Amino acid sequence: MKLVTLPAFWVVTTIFALAVLFVAVFVLPATLRELNDQKTQLSAEQVKADESKRYQTIVSQIAKESATVDELYELAKKALPESAESELLLLELEVLMSQVGMSNTNINVPLNQATQSQAAAGGSVIAPQGALSTTESAPAPTQPVVKSAGDTTFTVSGEGSWEMVVTLIEKLRTFSRWNKVTAIELSKKDSVITASISAQAYTRPTSTKFIGSDPELLTKAKELFFNIQSYTTRPDPTTEGTFGKTNPFN
Amino acid sequence: MINLLPKERKAHKRLLSKLYGLIVVYVIILVAIFILYLTARTYMYSNQIALDALVAQNSEQPTGSNGELLAKAALIEDRLTASHQYTGSTDWKSILSLITATLPTNISLDSVKLKESTNGVEILLAGSATERRDIILFNTKLAEEKGVISSSLQSIGGGSDGYTFSIQAIYKESK
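The structure displayed is predicted, hence computed values, not measured ones. Think of each chain on its own: its residues are numbered from 1, step by step along the sequence as written. Labels are handed out in written order, letters beginning with A for the chains and numbers beginning with 1 for the ligands. Per-residue local features of the predicted model are confined to residues with pLDDT of at least 70, and side-chain atom pairs are confined, for both listing and counting, to 80 or more; whole-chain, interface and lining totals are unaffected and use all residues. Side-chain metrics rest on all non-hydrogen atoms present in the structure, leaving aside hydrogens and water.

Draft legend 1. Fine view of the overall build of chain A. When helices and strands are tallied, chain A shows six helices and four strands. When its helices and strands are written in sequence order, chain A yields α-α-α-β-α-β-α-β-β-α. The buried share of chain A, taken over its 250 residues, is 40%. Two residues form a contact once any of their heavy atoms are found within 4.5 Å. When contacts within chain A are restricted to residue pairs at least 6 apart in sequence, long-range pairs at least 24 apart make up 73% of them. Strands here are runs of E lasting at least two residues and helices are runs of H or I lasting at least four, both read from the DSSP assignment and numbered beginning at the N terminus. To sort residues, take the accessible area from a 1.4 Å probe on protein chains only and compare it with the maximum for the residue type: under 20% means buried, over 50% means exposed, and anything in between is partly exposed.

What follows is the structure in structure tokens.
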């Protein structure tokens, strides 16, 4: 007699086969799928956790150097402000021009963007020294820049030597307000060089979200912003000036 | 010892013991499968705990104490990233140096106009010289300079006491 002749053998084997089949069809694939999904999710969360850890490291590094951050913030805000900041730009340019040593200087800065087109046509312009002058509108910059309503085209001009002109161009390159020189006009009359430089200064909205993608942020920012030259500060009525007159016409 | 059981009974008994053996093997296999399943479930459970912890950790927002500092850092980061868009790439000083370096000693310029254009920097020069030859020499020298895409003489005028001229050139910095 053989084992296969026993009905109990078939009953037991069938039960076993059904059990194995159940595991193979229903339990194993579902478990493997779940395990795989979990692994994927885990690795994704792990990446997120690593990023978060890196972010926290950068944030703690920034928190340690809060004084530097404050300093860099002021410089960055000055270099590329949210609004036109025409008044400060005008004051900065005034000091810059006096440092260069040119005479009969003219500084044309549109006070606001509503008047910029008028300024280009010889309208509302500010000229602290000398007469008001009409400026030719500067061409568009060659590099793509997101145009903002507060972007300002300014012109500085004055009389001086060749060295002064070169110095002026150099100083505009490291000027506290980022700018792109768009045109330079130099002419000579009676051995005096008259220079006129047009440039574009920009504005940009404030970014509120700190991404923290660069661990070298502060080092790079120091390299960039500590090399730019500021010439004056915003007038502060709380610390400077004397106010109050009995007769305003005196 | 003498086995007095009938032959059929003995064979049946042997078969039954084989069947029990087989049942034991089946049970062992099923238990092994069950143990494997339990192990996998335990592993998955510990993974789930780790996953939950990571999700909770990742969903935590940075604390508010650094809010102001982070806003400042955001502006610094933004300006740093965008800096190349807002600062001029044209080296105006080197263009002026190029003009002075290529100018013949007996030519003087009366006006220099440099203007950014889509092709590069447009250079307009006007000046005076005692010899026509020097003017042409200047234009030729300028055209040969690195970065100067084109240079053309626009006009030569004047007479016995000297000549005036104008030159138009295009300069583009090679990257």
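Draft legend 2. Structural context of the pattern of salt bridges. The rule for a salt bridge is simple: a side-chain nitrogen of Lys or Arg has to be within 4 Å of a carboxyl oxygen of Asp or Glu. Across all of its chains, the model carries 13 salt bridges over all chains by this definition. As a salt-bridge pair, K48 of chain A and E45 of chain A come within 3.9 Å of each other at their nearest N and O atoms. With K48 of chain A and E45 of chain A both in helix 1 (residues 7-64) and three residues apart, this pair spans about one turn of that helix. In this structure K48 of chain A comes out as partly exposed when scored by relative accessible area, which is 45%. In this structure, K141 of chain B engages E145 of chain B in a salt bridge whose closest nitrogen and oxygen atoms are separated by 3.7 Å. Residue K141 of chain B is classed as partly exposed on the basis of its relative accessible area, which comes to 37%. A single salt-bridge network, built from bridges that share partners, covers D70 of chain A together with E68 and K72 of chain B.

Draft legend 3. Highlighting the packing of aromatic side chains. All names here are of chain A. Think of it this way: a Phe, Tyr or Trp ring, Trp meaning its six-membered ring, pairs with another when their centres are within 6.5 Å, and the plane angle makes it stacked under 30 degrees, edge-to-face over 60, tilted otherwise. According to the stated counting rule, one finds eight aromatic pairs over all chains in the structure shown. Pairing F22 with F26 gives two aromatic rings, centres 5.4 Å apart and planes at 45 degrees, and the pair type is tilted. Placement of the pair is F22 and F26 together in helix 1, with a separation of four residues, close to one helical turn. A relative accessible area of 46% places F22 in the partly exposed class. Under the relative-accessibility criterion, F26 is labelled exposed at 56%.

Draft legend 4. Main features of the nonpolar core. With 47 residues, the main nonpolar core has L93, F154 and L168 of chain A together with L114, I123 and L125 of chain B as its most contacted residues. Residue contributions to this core peak at six residues, all from helix 3 (residues 86-100) of chain A. Apart from the residues lying within four places of it in its own chain, the contact partners of L125 of chain B are I99, L109, S111, V112, F138, L142, F165, S166 and I167 of chain B. In plain words, nonpolar cores are sets of buried Ala, Val, Leu, Ile, Met, Phe, Trp, Tyr and Cys residues tied together by side-chain atoms within 4.5 Å. Membership of the second largest hydrophobic core comes to 28 residues, among which are I58, V59, W178 and I228 of chain A.

Draft legend 5. Structural detail: a nonpolar patch on the surface. Residues and elements named next belong to chain A. What goes into a patch is any residue over 30% in relative accessible area without a salt bridge, connected to like charges within 9 Å or, for nonpolar side chains (Val, Leu, Ile, Met, Phe, Trp, Tyr), within 5 Å. Only the protein chains shown count as cover for residues, and all accessible areas are computed by the Shrake-Rupley method using a 1.4 Å probe. There is a patch of nonpolar side chains on the surface, built from L18, L21, F22, V25 and F26 and spanning about 540 Å² of accessible area. As for its position among the elements, L21 is in helix 1. Using a relative accessible area of 51% as the deciding quantity, one classes L21 as exposed.

Draft legend 6. Expanded view of the layout of surface pockets. As defined here, a cavity is a set of points on a 1 Å grid over the protein atoms alone where a 1.4 Å probe fits but cannot get out. A pocket is an open set with protein on both sides within 12 Å along at least five of seven lines, and residues line them when an atom is within 4 Å of a point. Grid points are joined across faces, edges and corners, and a volume is the space filled by probe spheres set on the points. Size it by volume and the second largest pocket reaches roughly 340 Å³. Around the second largest pocket, the lining comprises 22 residues; the ones closest to its centre are L172, R173 and T174 of chain A together with T87 and G88 of chain B. Contributing elements (two or more residues each) for the lining of the second largest pocket: helix 5 (162-173), strand 3 (179-189) and helix 6 (217-225) of chain A together with helix 3 (92-102) of chain B. It is helix 5 of chain A that contributes the most residues to the lining of the second largest pocket, four residues altogether. Only Asp, Glu, Lys and Arg are considered charged in this grouping, and only Ala, Val, Leu, Ile, Met, Phe, Trp, Tyr, Cys and Pro are considered nonpolar; every other residue, Gly among them, is considered polar. A class-by-class count of the residues in the lining of the second largest pocket yields eight nonpolar, seven polar and seven charged.

Draft legend 7. Quick look at unusual backbone geometry. All names here are of chain A. We note that E85 has phi near 50 degrees; this positive angle belongs to a residue other than glycine. Locating E85 in the fold gives a position in the loop between helix 2 (66-79) and helix 3. The backbone of N104 sits at a positive phi, close to 50 degrees, despite the residue not being glycine. Along the chain, the position of N104 falls in strand 1 (residues 103-108). The class of N104 is exposed, set by a relative accessible area of 55%.

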